[in-house]
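What follows is the residue order along each chain.
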Amino acid sequence: MKKVFALMLTMVFVLSLLLVGCGSNETEDASGEENSITTEQKEDKKEEKKEDKKEEPTEDPNPASTRANAADTLVVGMPAPKGEALPVYYSTTYDGYTCGIIFDGLLSVDESGQFIPDVAESYELSEDNLTYTFKLKDNINFTNGEPLTANDVKFTYEILADPSYDGRYFSVVEFMEGVEAYKNGEADDVTGIKVLDEYTVSFTFTEPRFDNISNMTTQIMPESVYAYEYGNTQQLRDQMNAYEWVGSGPYKIVHFEPTQFIEFERNDDYHLGAPKMEKLIYKMTTVDTQMAELEKGDLDILLNVAPTPENFGVVDRLDYVMPHTFPSNGYGYMGFNMRDEILSDMKVRQALTYAFDRRAFVQKYYDGHSIVLDVPFSEVSYANTESLKSKVNPYTYDKEKAVALLEEAGWKTGDDGYRYKDGKKLELKWLTYTDSRYVETLIPMLTAYWKEVGVELIAEQMEFNTLVEKVYLERDFQLYNMAWSLTNLPTSNYTTFHSSVDVPDGNNSVGYRNARNDELLDMASTEFDLDKQIEIFEEWALLFNEELPYILINNNEELECVNGRVENYTTSPFVDIDMIIHDIAVK
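Residues numbered from 1 in each chain as written. Predicted model: local features only at pLDDT ≥ 70, side-chain atom pairs only at ≥ 80, totals over all residues. Heavy atoms only, no water.

Q: So what exactly am I meant to see when it comes to the overall build of the protein chain here?
A: The helix and strand tally for the protein chain stands at 18 helices and 26 strands. Put simply, the protein chain has 587 residues, and 61% of those count as buried. (Helix = DSSP H or I, 4+ residues; strand = E, 2+ residues; numbered from the N terminus. Buried < 20%, exposed > 50% of the residue type's maximum accessible area, 1.4 Å probe, protein only.)

Dropping the structure here:
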């Protein structure tokens with residue numbers, strides 16, 4: 001459930017904003033044969049910096065250590081969340097971070113991407129691969145004092161099957177027994193979710209799917225707080241919008257000031273032990289001010305920093321700040337609305353991809369701290385194999401090939417240099433977001449590249465949350481760009497590109513519909529043999545690479561800036577800050 005918009009993107013910012021939600025560090029050559037910077041290489045660099053600092057100690061004090069609240073408060077800077085901090089509704093990476101420190105799931109994920117028990121004490125899968133049975137820890141309370149029981153688990157998952165549910169996570173319960181009957185009002189509960197005793201719950205699915213287990217990370221909400229009338233989940237949205245966020249996680253909310261900060265206090269009864277810091281503040285930052293705030297010591301940790309030479313330069317200059325880098329499990333992309341009359345033509349999409357020198361952009365913006373992707377798997381995904389890389393079309397910049405494809409598609413050059421077909425100009429509107437140097441770099445480059453082949457590109461910028469609504473709720477766009485922060489399993493592509501999620505507020509915003517696409521995603525999701533699953537994904541990725549519902553742009557290195565007083569900071573491609581926040585301390 002943790003595939004979110006990276007600005008959602010790490011999304012975009014990470015990727016872009018120098019952005020967020022949904023990288024890797026390397027240098028690529030013109031042929032597209034990038035060489036990723038490995039984690040080991042990055043660790044070497046960090047160690048070199050540590051040694052440098054040891055050799056040249058600074059006389060300047062660490063400003064974060066002398067901050068008024070330094071002893072008991074950890075301040076984490078990040079782009080502003082939407083304020084949707086309920087596990088059944090959040091959509092951005094930053095709301096996901098908030099959910100993650102307030103709520104807990106049955107399972108979590110470790111640094112290698114393996115599922116591990118969280119609220120669950122243990123779990124088992126039936127021999128037919130249809131039923132997961134979870135034994136819950138019996139010592140977990142929500143912060144309102146009520147115990148977390150199997151009934152709360154059942155309550156949470158049934159929200160997703162309610163007929164009025166309008167969030168993006170129906171896919172979590174889509175294959176559970178009894179969901180349709182419950183959704184249609186023909187049953188009082190979802191029969192596939194059984195409370196066996198106070199601390200034991202089972203989930204039975206209609207078919208054995210490899211990724212059923214990934215649905216067990218949904219964070220648990222207390223029925224004592226969020227009980228609502230069947231068919232009226234608006235009550236939950238109302239509570240969410242009133243900031244009634246109550247869970248069993250390491251911290252509890254004290255105050256949410258939209259666009260400014262979220263203040264939390266420690267949950268002393270947290271089941272993994274009381275968090276080491278008494279208070280936590282998520283401070284909302286912008287690309288214009290974030291590095292200055294870091295330098296002043298106003299922030300202990302700055303998340304999702306664009307891995308640009310400028311930002312690395314700031315970190316290198318500050319003796320009391322360390323770069324924390326690792327390959328990002330996400331990517332930046334531009335989505336084509338495949339329902340659009342112009343963009344429904346595959347030759348046009350291919351022409352636009354050939355006409356954009358993605359490698360030149362990535363080099364200009366990231367200067368070696370990102371690679372160009374040609375398939376929707378990050379470099380850390382087990383599905384992104386060397387075999388697949390050897391077979392994909394890299395769409396190396398080729399103006400002549402782009403022109404030929406546009407000609408084949410019937411778009412002819414007019415007297416003004418732009419292309420026309422049936423009297424209609426080849427003009428495309430691109431929706432994008434503000435407050436991003438990534439976007440500011442991309443706009444003039446892409447506009448110029450596409451103009452060279454007779455395409456007029458009109459960029460329209462707006463706040464990111466407005467962009468999310470236009471793309472996912474209204475689906476009113478031709479082109480947009482965002483980024484994905486991915487889960488640990490490539491099977492999550494089912495919930496992004498399968499035709500069943502081509503619905504309002506569904507992840508398949510571009511309307512990608514292809515029978516073979518659906519078939520392959522179904523096959524991969526139900527294949528438990530990993531070697532066979534990888535073979536299926538290879539065929540699917542090559543189909544994606546040909547049809548291009550997205551122009552994939554970058555898979556960059558993740559850069560987080562960490563003040564030297566911070567201890568136990570161990571985020572990685574599969575472990576976000578909310579998963580380790582209880583263990584973070586300061587010197």
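Text resumes after the structure shown.
Q: How should I be thinking about the packing of aromatic side chains in this particular structure?
A: Between two aromatic rings, the relevant description is the distance of the centres plus the angle of the planes. Scanning the model with the defined rule gives 41 aromatic pairs in all. Aromatic side chains Y433 and F464 sit 5.8 Å apart centroid to centroid with 80° between the ring planes, which places their arrangement in the edge-to-face category. Of this pair, Y433 sits in strand β21 (residues 427–433) while F464 is found in helix α15 (residues 464–474), placing the two residues 31 residues apart along the sequence. As far as burial versus exposure is concerned, Y433 and F464 are alike and both buried. Here F537 and W540 contribute two aromatic rings whose centre-to-centre distance is 6.2 Å and whose plane-to-plane angle is 75°, an arrangement assigned as edge-to-face. Remark: W540 and F537 occur in helix α18 (residues 530–547); sequence separation between them is 3 residues, near one turn of the helix. (Phe/Tyr/Trp six-rings, centres within 6.5 Å; stacked < 30°, edge-to-face > 60°.)

Q: How should I be thinking about the side chain of N304 in this particular structure?
A: Note that N304 resides in strand β14 (residues 301–305). In this structure N304 comes out as buried when scored by relative accessible area, which is 2%. Within polar-contact distance, the side chain of N304 engages the side chain of Y94 at 3.0 Å. (Polar contact = N/O pair within 3.5 Å; in protein donor to acceptor, adjacent residues only side chain to side chain.)

Q: Where do I start with empty space enclosed by the protein in this structure?
A: Empty space among the atoms becomes visible once a probe the size of a water molecule is rolled across them. Taken as a whole, the largest cavity holds about 50 Å³ of empty space. The wall of the largest cavity is formed by T353, R358, L373, D374, N393, Y395, F544, N545, L548, Y550, I551 and L552. Mapped by element, the contributors of at least two residues to the lining of the largest cavity are α18 and β24 (550–563). Broken down by element, the residue count for the lining of the largest cavity peaks at 3 residues, all from β24. When its residues are assigned to classes, the lining of the largest cavity shows 7 nonpolar, 3 polar and 2 charged. (1 Å grid on protein atoms, 1.4 Å probe; cavity = no way out; pocket = protein on both sides within 12 Å on 5 of 7 lines; lining within 4 Å. Points joined across faces, edges and corners; volume = space filled by probe spheres on them. Nonpolar A, V, L, I, M, F, W, Y, C, P; charged D, E, K, R; others polar.)

Q: Even after reading the chapter, I still don't get the nonpolar core, so can you show me in this structure?
A: Taken as a class, soluble globular proteins show a tendency for nonpolar side chains to be buried jointly. Formed by 158 residues in total, the largest nonpolar core has its most connected members in L106, Y157, F203, W450 and Y480. Non-local contacts of W450, meaning those with residues more than four positions away in its chain, are made with M334, L352, A355, F356, L428, V455, L457, L479 and I551. With 15 residues, the next largest nonpolar core counts M291, V314, Y320 and L559 among its residues. (Core = buried A, V, L, I, M, F, W, Y, C linked by side-chain atoms within 4.5 Å. Contact = heavy atoms within 4.5 Å.)

Q: I'm lost on the environment of Q363 in this one. Help?
A: Topologically, Q363 is positioned in helix α11 (residues 358–366). In this structure Q363 comes out as partly exposed when scored by relative accessible area, which is 32%. Distance in space between the C-alpha atoms of Q363 and T308 is 9.9 Å, their sequence separation being 55 residues.

Q: Is there a simple way to explain the packing of helix α17 (residues 515–525) against α18 in this structure?
A: For any two helices packed against each other, one specifies the inter-axial angle together with the distance between the axes. The interhelical angle for the contact between α17 and α18, taken along N-to-C directions, is 160°, at an axis separation of 9 Å. The orientation of α17 with respect to α18, classified from their angle, is roughly antiparallel. With respect to the hand of their crossing, α17 and α18 are arranged in left-handed fashion. In this structure, α17 contributes R516, N517, L520, L521, M523 and A524 to the contact, and α18 contributes Q533, I536, F537, E539, W540 and L543. (Axes fitted to C-alpha atoms, helices over the stretch in contact; angles between N-to-C directions. Parallel < 35°, antiparallel > 145°, perpendicular 65-115°, else oblique. Left-handed = near helix turned anticlockwise from the far one by under 90°.)

Q: Could you clarify how one ought to interpret the sheet that holds strand β8 (residues 131–136) in this entry?
A: Strand pairing within a sheet occurs via backbone hydrogen bonds; the two strands may be parallel or antiparallel. With respect to topology, 4 strands assemble into an open sheet ordered β7-β8-β10-β9, the strand pairing being antiparallel. Both edges of this open sheet fall to β7 (120–125) and β9 (193–197), since each of them pairs with a single strand only. Taken pair by pair, the neighbouring strands of this sheet meet at an average axis angle of 20°, ignoring direction. Two elements, β9 and strand β10 (residues 200–204), share 4 bridges in a ladder whose sense is antiparallel. Of the residues in β10, the one forming a bridge with K194 is S202. (Pairing = 2+ DSSP bridges.)

Q: What am I meant to see in the pairing of strand β23 (residues 479–485) here?
A: Remark: a regular strand shows side chains that alternate across the two faces of the sheet. Burial runs high along β23: 7 of the 7 residues are buried. A two-sided burial pattern is seen for β23, the buried positions comprising L479, N481, A483 and S485 on one face and Y480, M482 and W484 on the other. The sheet contact formed by strand β16 (residues 330–336) and β23 spans 7 bridges and is antiparallel. The partner of Y333 across the bridge, within β23, is M482. Relative to β23, β21 runs parallel, the two sharing 2 bridges.

Q: Just checking my understanding: could you explain α18 for this structure?
A: Residues lying three or four places apart along an α-helix face the same way, a consequence of the helix completing one turn every 3.6 residues. Between its terminal C-alpha atoms α18 stretches 25 Å, which fits the 26 Å expected from 18 residues at 1.5 Å a residue. The set of residues buried in α18 consists of Q533, I534, I536, F537, E538, W540, A541, L543, F544, N545 and E547. Packing partners of the buried residues in α18 comprise α10 (346–354), α12 (386–391), α16 (494–497), α17 and β24. Measuring from the side-chain oxygen of the N-cap residue of α18 to the backbone nitrogen of D531 gives 3.0 Å; that N-cap residue is D529. The positive-phi residue at the C-terminal boundary of α18 is L548, with phi of around 55°. (Expected span 1.5 Å × (residues − 1).)

Q: Teacher, can you tell me more about the pattern of salt bridges here?
A: It is possible for side chains bearing opposite charge to pair when their charged atoms get close. If you walk through the whole model with that rule in mind, you get 34 salt bridges. With its nearest N and O atoms 3.6 Å apart, the salt bridge here joins D298 to K296. K296 gets classed as exposed once you look at its relative accessible area, which sits at 52%. Where K389 meets E386, a salt bridge forms, and the shortest distance between an N and an O atom there is 3.4 Å. (Salt bridge = Lys/Arg side-chain N within 4 Å of Asp/Glu carboxyl O.)

Q: Please explain the side chain of E560 as it appears in this structure.
A: Considering the arrangement of structural elements, one finds E560 in strand β24. For E560, the residues in contact, after removing those within four places along its chain, are L302, L303, N304, M322, P323, H324, F326, Y569 and T571.

Q: Would you mind going over the environment of D340 with me for this structure?
A: Tracing the chain through its elements places D340 in the loop between β16 and α10. Residues D340 and F477, 137 residues apart in the sequence, show an inter-C-alpha distance of 8.6 Å. There is a polar contact of 3.1 Å between the side chain of D340 and the backbone nitrogen of L343.

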